[in-house]
Amino acid sequence: MDTHAKTAVVTGANSGIGLALTKKLLAEGYRVIATARSGRIDGLHHDQLTVIPLDITDVASTEQAVARIGQLTPGIDLLVNNAGVAPDVMSMAPPERTSFHDTFATNVDGTVFFTEPMLALLKDGAQVVFITSSMGLPSQAGPNGTAYRLSKAAVNMYAAMLAQRVADRHINVTPVHPGWVQTRLGGDSAPFTPEQAADGIFQGIVARPESGQFWNVETNAVMAY
Ligand SMILES: NC(=O)c1ccc[n+]([C@@H]2O[C@H](COP(=O)([O-])OP(=O)(O)OC[C@H]3O[C@@H](n4cnc5c(N)ncnc54)[C@H](OP(=O)(O)O)[C@@H]3O)[C@@H](O)[C@H]2O)c1
């Protein structure tokens, strides 16, 4: 391990945007602690990569992952909360309880209750990125994906609130819209590849917008809430 490299943690790193961003961060010289529910990323090996198991809906799994990350690094420079689900994103149907529960358990409860204990492991001046969605902005409201939109609206609010709470530690918080991306979640019709999304997210990380501002990869700029 390169002890001088910046350390990033990426959740949901075995697929789609998380996988592409993990590869991008490794190529940019980061040491990456990547999480996957299975505890492995098939076919990706790198001397700066450690893969650990994490299911963000599971309290014990979350506690074990945070403890393991604390053993692996004395301080994190970048936390990317990427793991998410969208079972109703294509659906125009009225809200349905099962998909609501599953979506909120992952996107909201899971994201919040993984982030909170991770704050103690962040270096002062670190960055926290949320891979969220413009679908969760009231200005972008639409008739589909009720649970998904509401869950991302909650993440967007959490990011804005967290930015204020960690300001005294100079920790930057950036919610990011990655564009519509060809992944399991985004489907095959999406215009952007995961690699293009990862490049755009990395530009947002480098740009380091004012903490709490919403970064839109499609325009490579901050977007109004
Ligand atoms: N694709 C798009 O167009 C788009 C647009 C806007 C925002 N986003 C956001 O981008 C993020 C990544 O999505 P993606 O498009 O790359 O989809 P994806 O390929 O389905 O990847 C989702 C990742 O989240 C992980 N995950 C799901 N539930 C989890 C849990 N309970 N605990 C831990 N990890 C969990 C998945 O793990 P498994 O492989 O084990 O299921 C997978 O690694 C999501 O937050 C999504 O909302 C995507």
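To be clear, the structure that these remarks concern was listed above.
Residues numbered from 1 in each chain as written. Predicted model: local features only at pLDDT ≥ 70, side-chain atom pairs only at ≥ 80, totals over all residues. Heavy atoms only, no water.

Asker: So what's going on with empty space enclosed by the protein? Residues and values would help.
Answerer: Summed over all chains, the structure comprises 1 cavity of 30 Å³ or more. Around the largest cavity, the lining residues are Asn81, Ala83, Asn107, Thr111, Phe130, Ile131, Lys152 and Val155. Sorting the residues of the lining of the largest cavity by element identifies α3 (97-118), β5 (122-131) and α4 (146-165) as the ones contributing at least two each. (1 Å grid on protein atoms, 1.4 Å probe; cavity = no way out; pocket = protein on both sides within 12 Å on 5 of 7 lines; lining within 4 Å. Points joined across faces, edges and corners; volume = space filled by probe spheres on them. Helix = DSSP H or I, 4+ residues; strand = E, 2+ residues; numbered from the N terminus.)

Asker: An account of the site of the ligand is needed here, citing residue identities and associated values.
Answerer: The environment of the ligand is formed by 28 residues, the closest being Asn14, Ser15, Arg37, Tyr148 and Thr183. Between the ligand and Gly12, the relevant distance is 3.1 Å, taken from an oxygen atom to a main-chain nitrogen or oxygen of the residue. Backbone polar atom of Ile17 to an oxygen atom of the ligand: 2.8 Å apart, as the coordinates give it. The pocket occupied by the ligand, as judged from atoms lying within 2 Å of grid points, is the largest pocket. Elements supplying a minimum of two residues to the shell around the ligand: α1 (16-27) and α4. (Near = heavy atom within 4 Å. Polar contact = N/O pair within 3.5 Å; in protein donor to acceptor, adjacent residues only side chain to side chain. Sits in = over half its atoms within 2 Å of the grid points.)

Asker: Which residues make up the packing of α1 against helix α5 (residues 194-207), and what are the values?
Answerer: The geometry of a pair of packed helices is captured by two quantities: the angle between their axes and the separation between those axes. As a packed pair, α1 and α5 sit with axes 8 Å apart at the nearest point and diverge in direction by 60°. With respect to their mutual orientation, α1 and α5 come out oblique. Where α1 crosses over α5, the two elements pack in a sense that is right-handed. Contact with α1, carried on its side by Gly16, Ile17, Ala20, Leu21, Lys24 and Leu25, involves Pro194, Glu195, Ala197, Ala198, Asp199, Ile201 and Phe202 of α5 and no other residues of that element. Here the residues of the contact of α1 with α5 sort into 9 nonpolar, 1 polar and 3 charged. (Axes fitted to C-alpha atoms, helices over the stretch in contact; angles between N-to-C directions. Parallel < 35°, antiparallel > 145°, perpendicular 65-115°, else oblique. Left-handed = near helix turned anticlockwise from the far one by under 90°. Contact = heavy atoms within 4.5 Å. Nonpolar A, V, L, I, M, F, W, Y, C, P; charged D, E, K, R; others polar.)

Asker: Lay out the side chain of Ser151 in plain terms, naming residues and giving numbers.
Answerer: Mapped onto the elements of the fold, Ser151 is located in helix α4. Filtering out sequence-adjacent residues up to four positions away, Ser151 remains in contact with Thr103, Phe104, Asn107 and Val108.

Asker: Explain the packing of helix α2 (residues 59-72) against α3 to me, using residue names and the numbers behind them.
Answerer: Between α2 and α3, the least distance of the axes is 10 Å, while the angle of their chain directions is 30°. As summarised for this structure, α2 and α3 are arranged roughly parallel, according to the angle between their axes. The two elements α2 and α3 cross, and the hand of that crossing is right-handed. Counted together, Thr62, Val66 and Ile69 of α2 and Phe113, Phe114, Pro117 and Met118 of α3 form the full contact between these two elements.

Asker: Help me get a handle on α4, residues and values and all.
Answerer: The end-to-end C-alpha distance of α4 is 29 Å, a good match for the 28 Å that 20 residues give at a rise of 1.5 Å each. Within the span of α4, buried status applies to Ala147, Tyr148, Arg149, Ser151, Lys152, Val155, Asn156, Tyr158, Ala159, Leu162 and Ala163. In this structure, the buried residues of α4 make contact with α3, β5, β6 (172-177) and β7 (214-216). (Expected span 1.5 Å × (residues − 1). Buried < 20%, exposed > 50% of the residue type's maximum accessible area, 1.4 Å probe, protein only.)

Asker: Which residues make up the sheet that holds strand β4 (residues 76-81), and what are the values?
Answerer: A sheet is described by the order of its strands in space; here 8 strands give the open sequence β3-β2-β1-β4-β5-β6-β7-β8, paired in mixed fashion. In this open sheet, the two edge strands, each paired with only one partner strand, are β3 (49-53) and β8 (221-223). Taken pair by pair, the neighbouring strands of this sheet meet at an average axis angle of 25°, ignoring direction. (Pairing = 2+ DSSP bridges.)

Asker: So what's going on with the environment of Asn14? Residues and values would help.
Answerer: The topology assignment puts Asn14 in the loop between β1 (7-10) and α1. The exposure class assigned to Asn14 is partly exposed, which follows from its relative accessible area of 34%. For the pair formed by Asn14 and Asp42, sequence separation is 28 residues and the distance between their alpha carbons is 7.6 Å. Apart from the residues lying within four places of it in its own chain, the contact partners of Asn14 are Leu19, Thr35, Ala36, Arg40 and Ile41.

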